[in-house]
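# Structural characterization, general
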Amino acid sequence: MTGQTAPAAPPVGVAVDVPAKINPHLGVGDARADGYHALSTVYQAISLHDTVTAERRGEPGIEITISGEGAGELPTDEGNLAYKAAKLIALYAGIEPDVKLHLNKRIPVAGGLAGGSADAAGALIACSRLWDVEIGDAELHRLAAGLGSDVPFCLKGGTAIGTGRGEELTPVAAKGTWHWVVATTDTQISTPECYKEVDRLREDGIGRFSSDVDQIVRAFETGADADSLARLLVNDMEAAAVSLRPQLASLMHGGLEEGALTAHVSGSGPTVLFLADDVKHAVALARRIRMRGGARSVHLAHGPVPGPAA
Ligand SMILES: C[C@](O)(CO)[C@H](O)COP(=O)(O)OP(=O)(O)OC[C@H]1O[C@@H](n2ccc(N)nc2=O)[C@H](O)[C@@H]1O
Ligand SMILES: Nc1ncnc2c1ncn2[C@@H]1O[C@H](COP(=O)(O)OP(=O)(O)OP(=O)(O)O)[C@@H](O)[C@H]1O
């Protein structure tokens with residue numbers, strides 16, 4: 001044997017895993033003149049992820065196929081955020097798009113876990129790699145922010161403070177891993193609908209802007225134990241999500257009865273996150289929540305994890 005190896009086959013496609021996000025702290029301020037709400041949030045990427053695969057179709061156009069969670073209910077045309085992302089990269093590069101995108105979805109649709117934003121971030125990365133487009137971080141961030149407030153974080157992953165409408169990011173060097181049980185529900189909540197409900201409740205004097213993220217950031221930076229973290233989780237959208245879907249209250253209560261350290265609505269809901277002490281506790285808790293019923297699906301996840309452009 002001469003030790004020669006066969007030449008590597010040219011890559012046929014690019015596959016990118018993109019994590020879901022949670023907001024361990026979600027402070028919502030007043031609506032701004034542009035209709036968006038000022039945020040003071042801490043994002044964290046978790047191990048539940050979608051996979052975006054891009055390959056050449058051999059003729060101009062953007063084609064989307066979808067498998068997994070909610071595949072049948074999602075648009076495969078311009079209405080899909082991944083389609084818009086591919087189009088933006090082609091426009092930026094000044095080329096005709098030529099791509100078959102496949103989205104393998106595990107992140108529940110309209111669940112408050114940024115599933116659509118994750119696919120948009122994945123398509124930005126996958127198409128720029130497939131078409132060999134040189135694009136700097138700042139430009140990628142600008143395109144991402146144009147697609148949605150959560151998309152810049154979905155590119156980065158890890159842990160970060162989000163301000164502005166959520167698109168201005170400051171990375172947080174988290175030391176540690178936290179374990180969650182993620183319980184999805186049969187219903188969905190549209191993000192703008194939930195923000196409107198926050199405004200409506202505030203007119204009645206319910207809810208306030210939790211602007212201060214210092215304590216929870218410090219907990220992540222110092223690797224606080226799960227019990228301490230549980231006391232610091234905040235979501236200013238939680239009351240609105242529960243007001244829109246009152247059945248969330250019993251799901252949350254059930255998880256607490258089964259031993260969760262705390263129950264936390266994910267973003268604009270309706271997914272509920274239960275914090276566990278460690279992986280062993282998370283496995284046992286997930287089993288008990290499944291047996292109890294009331295959730296559509298129950299997943300284990302840990303965070304933080306890196307994003308596709310980290
Ligand atoms: C609830 C969160 O997931 C928390 O991270 C995000 O704020 C939602 O971000 P997103 O889904 O990327 O939302 P976008 O696509 O930017 O905006 C959708 C709609 O949500 C509302 N919206 C969104 C972000 C924000 N800071 N204020 C808002 O009021 C607006 O009505 C907007 O038209
Ligand atoms: N690739 C996609 N995956 C999921 N939803 C998409 C996608 N493209 C467009 N959408 C649309 O976006 C809507 C919201 O979907 P998404 O799953 O991002 O919600 P979400 O997790 O609540 O978002 P967020 O946490 O950012 O508020 C869906 O109802 C769907 O019609």
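Model, not experiment: these values are computed from the prediction.

The rules behind these values
- Residues numbered from 1 in each chain as written.
- Chains lettered and ligands numbered in written order.
- Predicted model: local features only at pLDDT ≥ 70, side-chain atom pairs only at ≥ 80, totals over all residues.
- Heavy atoms only, no water.
- Patch = residues over 30% accessible without salt bridge, like charges linked within 9 Å, V, L, I, M, F, W, Y side chains within 5 Å.
- Areas by Shrake-Rupley, 256 points an atom, 1.4 Å probe, with all protein chains shown as cover.
- Salt bridge = Lys/Arg side-chain N within 4 Å of Asp/Glu carboxyl O.
- Helix = DSSP H or I, 4+ residues; strand = E, 2+ residues; numbered from the N terminus.
- Buried < 20%, exposed > 50% of the residue type's maximum accessible area, 1.4 Å probe, protein only.
- Phe/Tyr/Trp six-rings, centres within 6.5 Å; stacked < 30°, edge-to-face > 60°.
- Core = buried A, V, L, I, M, F, W, Y, C linked by side-chain atoms within 4.5 Å.
- Domains from an automatic or database assignment.
- Contact = heavy atoms within 4.5 Å.
- Buried area = accessible area lost by both parts, 1.4 Å probe.
- Polar contact = N/O pair within 3.5 Å; in protein donor to acceptor, adjacent residues only side chain to side chain.
- Nonpolar A, V, L, I, M, F, W, Y, C, P; charged D, E, K, R; others polar.
- Near = heavy atom within 4 Å.
- UniProt positions renumbered as here; feature names shortened; annotations may be inferred.

Let us look at a nonpolar patch on the surface. On the surface, Val 279, Val 283 and Leu 300 cluster together into a nonpolar patch covering about 240 Å² of accessible area. Looking at the secondary structure, you find Val 279 in helix H10 (residues 279–292). Val 279 sits in the partly exposed class, given a relative accessible area of 47%.

Going through the model one piece at a time under the given rule, you end up with two aromatic pairs. Their ring planes at 10° and their centres at 4.6 Å tell us that Tyr 43 and Phe 153 sit as a pair that is stacked. Remark: Phe 153 occurs in helix H4 (residues 151–156) and Tyr 43 occurs in strand E2 (residues 37–55); sequence separation between them is 110 residues. An identical accessibility class is assigned to Tyr 43 and Phe 153; each is buried. Aromatic pair Trp 178 and Phe 220: ring centres 5.0 Å apart, planes at 85°, arrangement edge-to-face. In this pair, Trp 178 is assigned in strand E7 (residues 178–184) and Phe 220 in helix H6 (residues 214–221), connecting sequence segments 42 residues apart. For the pair formed by Trp 178 and Phe 220, the shared burial category is buried.

Judged by nonpolar contacts, the single largest core of 62 residues is most densely connected at Ile 46, Ile 89, Val 99, Leu 101, Leu 124, Trp 131 and Trp 180. Looking at which element gives the most residues to this core, the answer is helix H2 (residues 115–130), with nine residues. Residues lining this core come from more than one domain, with at least three contributed by each of domain 1 (13–172) and domain 2 (178–303). Residues within four places of Leu 124 in sequence aside, it is in contact with Ala 85, Ile 89, Leu 140, Leu 143, Ala 144, Leu 147 and Leu 155. Residues Leu 26, Met 237, Ala 263 and Ala 286 belong to the second largest nonpolar core, which totals 27 residues.

Along the chain, Gly 269 connects to Pro 270 via a cis peptide bond; the corresponding omega equals 5°. Tracing the backbone shows Pro 270 in the loop between strand E9 (262–265) and strand E10 (272–276). A cis amide bond links Gly 303 with the next residue in sequence, Pro 304, at an omega value of 0°. Secondary-structure assignment places Pro 304 in the segment after strand E11 (297–303). Look at Ala 110: it is not a glycine, yet its phi comes out positive at around 50°.

In this section: the domain arrangement of the protein. As far as domains go, the protein holds domain 1 (13–172) and domain 2 (178–303). Inter-centroid distance (C-alpha atoms) of domain 1 to domain 2 is 23 Å. In this complex, domain 1 contributes 33 residues to the contact, which on the side of domain 2 involves 41 residues. Considering only the surface of domain 1 that becomes buried against domain 2, His 25, Leu 26 and Val 28 emerge as the three largest contributors, covering 20% of it. Across the domain 1-domain 2 interface, the total number found is one salt bridge. Between Glu 69 and Arg 296 there is a salt bridge, and its shortest N-O distance comes to 3.0 Å. At the junction of domain 1 with domain 2, the criterion picks out 17 residue pairs in polar contact (both at pLDDT 80 or more). Elements supplying a minimum of two residues to the side of domain 1 that touches domain 2: strand E1 (13–31), E2 and strand E5 (159–163). A per-class count over the side of domain 1 that touches domain 2 returns 17 nonpolar, 12 polar and four charged.

Moving on, we come to the site of ligand 2. Residues in contact with ligand 2 amount to 21 residues; listed here are only the nearest, Ala 110, Gly 116, Asp 119, Asp 150 and Thr 191. Asn 80 is positioned with one of its side-chain polar atoms (N or O) 2.9 Å from a nitrogen atom of ligand 2. Notes on ligand 2: free accessible area 610 Å², of which the protein chains cover 80%. Looking at the shell around ligand 2, the elements that each hand over two or more residues are strand E4 (98–105) and H2. At four residues, H2 tops the list of elements feeding residues into the shell around ligand 2. Taken together, the residues of the shell around ligand 2 break down into eight nonpolar, nine polar and four charged.

Residues annotated by UniProt as "domain: GHMP kinase N-terminal" (unreviewed entry) correspond here to residues 80–158. End-to-end, the C-alpha atoms of residues 80–158 are 25 Å apart, and along that stretch the chain is 58% helix and 10% strand.

Further remarks concern the site of ligand 1. Surrounding ligand 1, one finds 16 residues, the nearest of these being Lys 21, His 37, Ser 149, Asp 150 and Tyr 195. In the model, an oxygen atom of ligand 1 is placed 3.0 Å from a nitrogen or oxygen of the Asn 23 side chain. Contact between ligand 1 and Arg 165: a nitrogen atom at 3.0 Å from a main-chain N or O atom of the residue. Burial of ligand 1 by the protein amounts to 81% of the accessible area it has alone, namely 650 Å². If you list the elements that add at least two residues to the shell around ligand 1, you get E1, E2 and helix H5 (191–203). Grouping the constituent residues of the shell around ligand 1 by class yields six nonpolar, seven polar and three charged. There are two domains that each give the shell around ligand 1 at least three residues, and those are domain 1 (13–172) and domain 2 (178–303).

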